[in-house]
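Next come the chains, spelled out residue by residue.
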Amino acid sequence: MVTLDAVGAAVERLWPLSGASSWDSPGLAVGDPASEVRRIHLAVDAVLDTADEAVELGADLLLVHHPLLFRGVTTVAESTTKGAVIARLIRGSCALLAAHTNADVVVTGTSRAIASRLGLTGQRPIEASTPDTGIGIVGRAAQPITLMALARALSDFLPPTAGGVRVAGDHDRVVETIALCGGAGDSLLDDPSVVASDVYITSDLRHHPASDARDRMLLGRGPALIDISHWASEWLWLEQAAVELRAELPGVEITVSELRTDPWDFAVVR
Ligand SMILES: [Zn+2]
């Protein structure tokens, strides 16, 4: 029998908590460590839809990228979103565990999943914690590529979202050195390896930082920008995580949620 405690140990081997950022709160949020785990369901977010899906599938554990509980929680009343998610999981006998920045920093982390799909060579972390691990990736395209072709390539392998792939820079601008960061990566906009790249791919870029970065590109002092869905950028990692968990936990069934938890349902473009 595989216990939740044993799953936690496997998670610790794959994504050690020591790699988590100081502000982060990954780990076990819901569940009895002594309980049996036969099935693990993977998702980016613990939201109502994925909690319901995990319970319907009979999963014993919902393993997510984003921790549900970050700041001080004073209620888990079901009139609150977090309370509703937790209550549904507990009623459905489903535990909840998150592997967040501790899964970003490893060699097979979230940004690597995107870099590998793009076939980048010479991959190295942007914010390195060791020579091989850290947040974000910079590497080279197999051959120079236009921003349009790069955006199309991303759009082809990322799961579809209403926001799609947005680009700051000319369609025909040719890029070769590519920096990227799965999830919200505006904190890396001023990083020397991002500034020195031809293009920076990340998500959740807000107006002012993006506007400033675009002007820096126009001055020839910074990269073009590609903004992708936060959820989509991290969803790609789930398959990799599933492969690694299956190797660690033979006999435990591991499934990946295909529910879109990007919050936007549709967009109107004119
Ligand atoms: Zn994220």
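Structure: see above.
Predicted model only: the values in this text are computed from it and were never measured.

1. Looking at the coordination of the zinc ion
Metal coordination angles have textbook ideals: 109.5 degrees for a tetrahedral set of four donors and 90 or 180 degrees for an octahedral set of six. On the protein side, the zinc ion has His66 (NE2), His230 (NE2), Glu234 (OE) and Glu234 (OE) as donor atoms, found 2.0 to 2.4 Å from it. Each of the four donor atoms bound to the zinc ion contributes to angles spanning 57 to 130°, and the resulting shape is irregular. Sequence spacing of the donors to the zinc ion: H-x163-H-x3-E. Of this pair, His66 sits in the loop between strand S3 (61-64) and helix H3 (81-91) while His230 sits in helix H9 (residues 230-248), and the two are 164 residues apart along the sequence.

2. A few points about the sheet that holds strand S9 (residues 199-203)
Read across the sheet, six strands follow the order S5-S6-S8-S9-S10-S7 without closing on themselves; strand pairing throughout is mixed. Because the sheet does not close on itself, it has two edges, and the strands there are strand S5 (121-128) and strand S7 (166-168). Going from strand to strand, the sheet's axes swing by 25° on average, the running direction of each strand aside. As paired strands, S9 and strand S10 (residues 224-228) are joined by five bridges and run parallel to one another. Within S10, the residue paired with Val199 across the bridge is Ala224. Across the face of the sheet, helix H5 (residues 110-117) comes into contact with S5, strand S6 (134-146), strand S8 (174-184) and S10 while running at roughly 150° to S8. Most of the contacts of helix H8 (residues 207-218) go to S10, to which it runs at about 150°, and overall it touches S7 and S10.

3. Things to note about the pattern of salt bridges
For the coordinates displayed, the defined rule picks out ten salt bridges. For the salt bridge of Arg88 with Asp52, the shortest nitrogen-to-oxygen distance reads 2.8 Å. Of the two residues, Arg88 sits in helix H3 while Asp52 sits in helix H2 (residues 48-56), which places them 36 residues apart along the sequence. Exposure remark for Arg88: the relative accessible area of 33% places this residue in the partly exposed category. Among the residues examined, Asp52 registers a relative accessible area of 27% and is labelled partly exposed.

4. A few points about the packing of aromatic side chains
The final tally for this structure, using the stated rule, is three aromatic pairs. A centroid spacing of 6.2 Å and a plane angle of 45° characterise the contact between Trp231 and Trp235, whose relative ring orientation is tilted. Of this pair, Trp231 and Trp235 both sit in helix H9, separated by four residues, roughly a single helical turn.

5. Overview of the nonpolar core
In this structure, Trp15, Ile40, Leu42 and Leu63 are the most contacted members of the largest nonpolar core, which totals 52 residues. With nine residues, the single largest contributor to this core is H9. Formed jointly, this core draws a minimum of three residues from each of two domains, domain 1 (4-102) and domain 2 (105-231).

6. With respect to H3
The complete set of buried residues in H3 reads Gly83, Ala84, Val85, Ile86, Ala87 and Leu89. Looking at the buried positions of H3, the neighbouring elements they touch are strand S1 (27-30), H2, S3 and strand S4 (95-98). At the C-terminal side of H3, Ser93 shows a positive phi close to 55°.

Here is what the cut-offs are and how they apply
Residues numbered from 1 in each chain as written. Predicted model: local features only at pLDDT ≥ 70, side-chain atom pairs only at ≥ 80, totals over all residues. Heavy atoms only, no water. Donors = N, O, S within 2.8 Å, 3.2 Å for Na, K, Ca; no water. Tetrahedral: all angles 85-135°; square planar, octahedral: opposite > 155°, others 65-115°. Helix = DSSP H or I, 4+ residues; strand = E, 2+ residues; numbered from the N terminus. Pairing = 2+ DSSP bridges. Axes fitted to C-alpha atoms, helices over the stretch in contact; angles between N-to-C directions. Contact = heavy atoms within 4.5 Å. Salt bridge = Lys/Arg side-chain N within 4 Å of Asp/Glu carboxyl O. Buried < 20%, exposed > 50% of the residue type's maximum accessible area, 1.4 Å probe, protein only. Phe/Tyr/Trp six-rings, centres within 6.5 Å; stacked < 30°, edge-to-face > 60°. Core = buried A, V, L, I, M, F, W, Y, C linked by side-chain atoms within 4.5 Å. Domains from an automatic or database assignment.

Function cannot be inferred from these measures alone, as they are strictly geometric.
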